[in-house]
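# Observations on chain architecture
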Amino acid sequence: MSDGKTIELQEYKSEIKPTWCPGCGDFAVLSGLQKALQVLQIEPWNIVIVSGIGCSSNIPHFLSSYGFHSIHGRAVPVASGIKLANSDLTVIAAGGDGDGYGIGVGHFIHAMRRNLDITYIVMDNQIYGLTTGQASPTSEKGMVTKSTPEGVIENPVNPLTLALASGATYIARGFSGDAKGLGDLFARGIKHKGFSLIDVLSPCVTYNKINTYDWFRQRVYSLEKEGHNPSDYLAAVARADEWPNLDQKRDRIGLGVFYERNDIPTYEDLEPALKKGPLVRQPLGLANPEELLEEFR
Amino acid sequence: MSQKELVFRIGGAAGDGSASTAESLAKVCTRSGLYVFTYTSYQSVIRGGHSWVQVRAAEEPVLSQGERPQVLICLNQPTADIHAPQVRENGAIIYDSDTIKLDGLRLAEGVRKIGFPLGRLAREFSNNALMKNTVALGAAVRLFDMDLAVVESAFATVWGDKKREIVDANVKAAAAGYKYVEENGGSLNLGLRHSGKARLLITGNQAIALGALAAGCKFLAQYPMTPASSIMHWMADHAPKHGVVVKQVEDELAAINMAIGAGFAGVRSMTATSGGGFSLMVEGIGQGGMVEAPVVAVLAQRAGPSTGLPTKTEQGDLNLALGAGQGDWPRAILAPRNTDECFRLTAEAFNLAEVYQTPVIVMSDLYLSEGYRTVEGFDFNVPIIRGLLAADGGTAKDKYLRYKITESGVSPRALPGQPGFQFDAGTDEHDEKGELISDVLAGIPEWVEIRKQMMDKRMRKLDGLRRDTKGPELWGPEKADITLISWGSTQGPLREAILDLQEADGLPVNSLEYAYLFPFHADETTAALKRAKRTMSVEGNFTGQFSRLLTAETGIRPDHFFGKYDGEPFYPSEIAAKVREVLG
């Protein structure tokens, strides 16, 4: 908090009007994120939102924080570099399913096993929107798109089981039809010490005519209401496997926190060079260079 | 080179320990007060195959790996078969007489065959199979008239006090080899004076990492790739003490993107790789140009194309560096000519990257990166110039424009965490604030103009980069029959060839050497080449990548081209031979 004053919601909003299609699920993500940041009272200048490429990756422009609108698939490594350089910052990576689970999936897995203290929000619409409607890594089997006129014949990525297998320490799923729930999931994820993944079912109203708001409303349920225990790894795997899965069962889609562990040290905790504080605040150059030369004599 | 020198070669299979034995000898030579230059010829295997190392030392600075050795240590039969015939007249071959035969090999006149049971002798001191190398090393030390005490001190440094018993066993083994030669013919009487003035023995990669550390590098993200890996190794060893995060990442895409993220957040950051990894970095490095984030990328070249010859040298990636990334963006490309410049130019690269807020590429190659060379010392008085920062004052928060159009093309840089200066760094074309003009504004007349202004702004940085870097160095006699044009690590062998031509043939030859490749210094080049009678470009690639750049920038085409792309470094003799040929 700056000089003890409460930061108003308005202070997280930028002057730039979102360019998303009317009805796009990403609007709810934006407002949910602004709400979460306001609830946590994090100063906008101490936040960096890093995105990749795609409709959803325009999100940094719509927030008043520092932003880095990076290249396709590389939001997570850029965010990792920022966090390692200045671990005092709240670093949030954001983007779409193509960005994170397709072209950037290698970084996604490695960032999770590193357990850097960053929050990754994936606006998952199961389609490539900005390139006008090709299949994405989370497109369901059988889905007809511009690139799959006979229907998708690959199995979709299940981001939650992938995250569970890769060592993320906060794994949640939200839904753009539940803006209130999104804000809560984001706030908890940002507060969490370690890598947080929030996969958001964020319908594309223009190119995905299958996985619509209504389609989701008929299937989603609250994990919390069913008494799911987020510290139970195997229960989390079972819940995550409800959708999508190899059997193509699609009747139940859990929302909420699948898994959370707060006893695992973050990468920053274990990195020896950060023991003296963030890198940006450490002195540059060598205090005693001559001693470094001994090994070369 | 007519001066007194020693040239030593050791060969064996990978895993036989020839590299560490040669390293020990190089250290002994350094501590004896000689200048040293090493070249390691190895293969992309961990065990087996054939690898060898050459160590050349002299009383004066050594410019290349030299040619035929005076002393050869054979650790296996193939080494004898391949290298024994190259040993110079009155030289010596050290080998294990139990396992290696020199019968039937055509040796130069007067070559001494120093065959004795190295392995059996070594077992008296240790069960380690590599101990026989130390016996052989002791023999070489005697041939070169060096002091056993220096050997002992070198071993003590290598293994440290903690492993005193290892040091003792090695000292005894070396003494046994020394004694054998003492009793069987003694010294080669090369007549080298050992001044005892110890200098530094260091590889190009170590000098690059040291230069980075001196310049305040705080972050290194890298993926292992020969011949760049030892930059990461050295930095990782020193990182905790010096507050540097060294991150081995999943691929080179992550390496460049993390390094750019760290640079954007305000620390001096670096990545290093070879051509294959750099190929993966091209989109990321272009991003650095667009969002105006500082980063230093070291490109240690090896022989391509594709996987090519992973353990062999080449200068074939200049086009890659010049063309990396889509579109036009301002970059600087520096190519150290020697180990000292590995240190200085890397340190300088950090200043250029921050002052001009753009990626700077430092190009080395296997020959320079991995070879041990003697340097007198390093000037650690490295200026750290962080460039225009919004935090320095003079920039009002409410009117802050991260990408403000300025005459120099450089705009005040705010760092995340700085209150009130929030902005978006965008890889899409953007306005002065950093907001996109690519989606709903592109093509609208007012914004067409802004796009052009933003391109002009960024590209104006090239003028400053050119101003802040140096033109080529003309080395050798002012009046020459031919001017040799070179860049980067070719400097040493080229200069040695020039000295040899002067001495042996009385031919005046000079060189025009480039350490700052881009932005290209066209005016200085044109002025220098106007005075040249004839020109020949000498570079380690097939197409003459640098010559083409020079022609594109000046309209001048070198008269001759000598390109080398066999994976081996330049030898002074072949450059001299080519000069004689073209001057006919």
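Note that the coordinates shown come from a computational prediction; the quantities given were computed from them, not determined experimentally.

### Examining the interface of chain A and chain B
Listed by partner, the interface residues are 55 residues for chain A and 68 residues for chain B. Each partner contributes to the roughly 4900 Å² buried at the junction of chain A and chain B, and carbon and sulfur atoms together form 64% of this total. Together, Y66, F296 and R297 of chain A form the three largest contributors to the area buried by chain A at its contact with chain B, with a combined 16%. One salt bridge connects K433 of chain B with E15 of chain A, and the closest N-O pair in it is separated by 3.4 Å. Applying the counting rule to chain A against chain B returns 25 residue pairs in polar contact (both at pLDDT 80 or more). Elements represented by at least two residues in the side of chain A that touches chain B include exactly β2 (66–69), α2 (75–85) and α4 (105–114) of chain A. With seven residues, the top contributor of residues to the side of chain A that touches chain B is α2 of chain A. Across the side of chain A that touches chain B, the residue classes break down as 28 nonpolar, 18 polar and nine charged.

### Focus: the pairing of strand β11 (residues 295–301) of chain B
Across a regular strand the side chains alternate sides, sitting on one face of the sheet and then on the other. Residues and elements named next belong to chain B. The buried fraction of β11 amounts to seven of the seven residues, a majority that puts the element mostly inside the structure. On β11, burial covers both faces: V295, A297, L299 and Q301 on one face and V296, V298 and A300 on the other are all buried. Looking at chain direction, strand β10 (residues 268–273) and β11 are connected through four bridges and run parallel. What sits directly across from A272, in β11, is V298. Since β10 and β11 lie parallel, the crossover through helix α10 (residues 275–291) that links them has a hand, and here it is right-handed. Sheet topology places β11 next to strand β13 (residues 359–365); seven bridges connect them, and they run parallel. Looking across to β13, one finds that V298 is bridged to V362.

### Side note on the pairing of strand β21 (residues 560–563) of chain B
Pairing analysis gives four bridges linking strand β20 (residues 535–539) of chain B to β21 of chain B, with the strands arranged parallel. Residue pairing for β21 of chain B: M536 of chain B is matched across the bridge by H560 of chain B.

### Concerning the packing of helix α4 (residues 131–143) of chain B against helix α6 (residues 164–183) of chain B
All names here are of chain B. Two numbers describe how α4 lies on α6: the axes approach to 6 Å, and their chain directions differ by 45°. Put simply, α4 runs oblique to α6. The handedness of the crossing between α4 and α6 is right-handed. Facing α4, whose interface residues are M131, T134, V135, G138, A139, V141, R142 and L143, α6 presents A169, N170, A173, A174, G177, Y178, V181 and E182. Here the residues of the contact of α4 with α6 sort into ten nonpolar, four polar and two charged.

### So, the side chain of S51 of chain B
All names here are of chain B. As for its placement among the helices and strands, S51 is situated in strand β3 (residues 48–58). Residue S51 is classed as buried on the basis of its relative accessible area of 10%. With near-sequence residues (within four places) excluded, S51 lies in contact with I10, G11, G12, A13, A14, S18, S41 and Y42.

### Re the sheet that holds β13 of chain B
All names here are of chain B. The strand order β9-β8-β10-β11-β13-β12-β19 describes an open sheet built from seven strands, whose pairing is mixed. What marks the edges here is a single partner per strand, and that holds for β9 (245–248) and β19 (516–518). On average, each strand axis in the sheet is tilted by 20° relative to the strand beside it, whichever way the strands run. Both strand β12 (residues 332–334) and β19 contribute to a ladder of two bridges, which runs antiparallel. Within β19, the position partnered with L334 by the bridge is Y516.

### Side note on the state of the cysteines
If you walk through the whole model with that rule in mind, you get zero disulfides over all chains. For C204 of chain A, which is in no disulfide, the shortest distance to another cysteine sulfur is to C21 of chain A and amounts to 6.4 Å. Free cysteine: C29 of chain B, not disulfide-bonded; nearest cysteine sulfur from C74 of chain B at 18 Å. C29 of chain B gets classed as buried once you look at its relative accessible area, which sits at 0%.

### Section: the domain arrangement of chain B
All names here are of chain B. With domains assigned, chain B is organised as domain 1 (5–198), domain 2 (202–375), domain 3 (388–469) and domain 4 (473–583). If you average the C-alpha positions of domain 2 and of domain 3, the two centres end up 26 Å apart. At the interface, 23 residues of domain 2 touch 27 residues of domain 3. At the boundary of domain 2 with domain 3, total buried surface from both sides reaches about 2100 Å², with 62% on carbon and sulfur atoms. Area buried by domain 2 at its contact with domain 3 is led by M290, E292 and Y356, which between them contribute 35% of it. Taken together, the links from domain 2 to domain 3 amount to three salt bridges.

### Comments concerning the pattern of salt bridges
Residue and element names in this part refer to chain B. Counted under the stated rule, the structure contains 51 salt bridges over all chains. The partner of E183 in a salt bridge is K179, with the nearest N and O atoms 3.6 Å apart. Within this pair, E183 and its partner K179 are both found in helix α6, separated by four residues, close to a single helical turn. As a salt-bridge pair, D463 and R466 come within 3.7 Å of each other at their nearest N and O atoms. With D463 and R466 both in helix α14 (residues 445–467) and three residues apart, the pair spans about one turn of that helix. Its relative accessible area of 30% is what places R466 among the partly exposed residues.

### Some remarks on the sheet that holds strand β16 (residues 473–475) of chain B
Residue and element names in this part refer to chain B. The strand order across the open sheet formed by five strands is β16-β18-β17-β20-β21, and the pairing between neighbours is mixed. Of all the strands in the sheet, the pair left with one neighbour each is β16 and β21. On average, each strand axis in the sheet is inclined to that of its neighbour by 20°, with strand direction left out of account. The pairing of strand β17 (residues 482–487) with β20 spans three bridges and is classified as parallel.

How each quantity is defined
Residues numbered from 1 in each chain as written. Chains lettered and ligands numbered in written order. Predicted model: local features only at pLDDT ≥ 70, side-chain atom pairs only at ≥ 80, totals over all residues. Heavy atoms only, no water. Contact = heavy atoms within 4.5 Å. Buried area = accessible area lost by both parts, 1.4 Å probe. Salt bridge = Lys/Arg side-chain N within 4 Å of Asp/Glu carboxyl O. Polar contact = N/O pair within 3.5 Å; in protein donor to acceptor, adjacent residues only side chain to side chain. Helix = DSSP H or I, 4+ residues; strand = E, 2+ residues; numbered from the N terminus. Nonpolar A, V, L, I, M, F, W, Y, C, P; charged D, E, K, R; others polar. Buried < 20%, exposed > 50% of the residue type's maximum accessible area, 1.4 Å probe, protein only. Pairing = 2+ DSSP bridges. Right-handed = clockwise from strand over helix to strand, strands pointing away. Axes fitted to C-alpha atoms, helices over the stretch in contact; angles between N-to-C directions. Parallel < 35°, antiparallel > 145°, perpendicular 65-115°, else oblique. Left-handed = near helix turned anticlockwise from the far one by under 90°. Disulfide = S-S within 2.5 Å. Domains from an automatic or database assignment.

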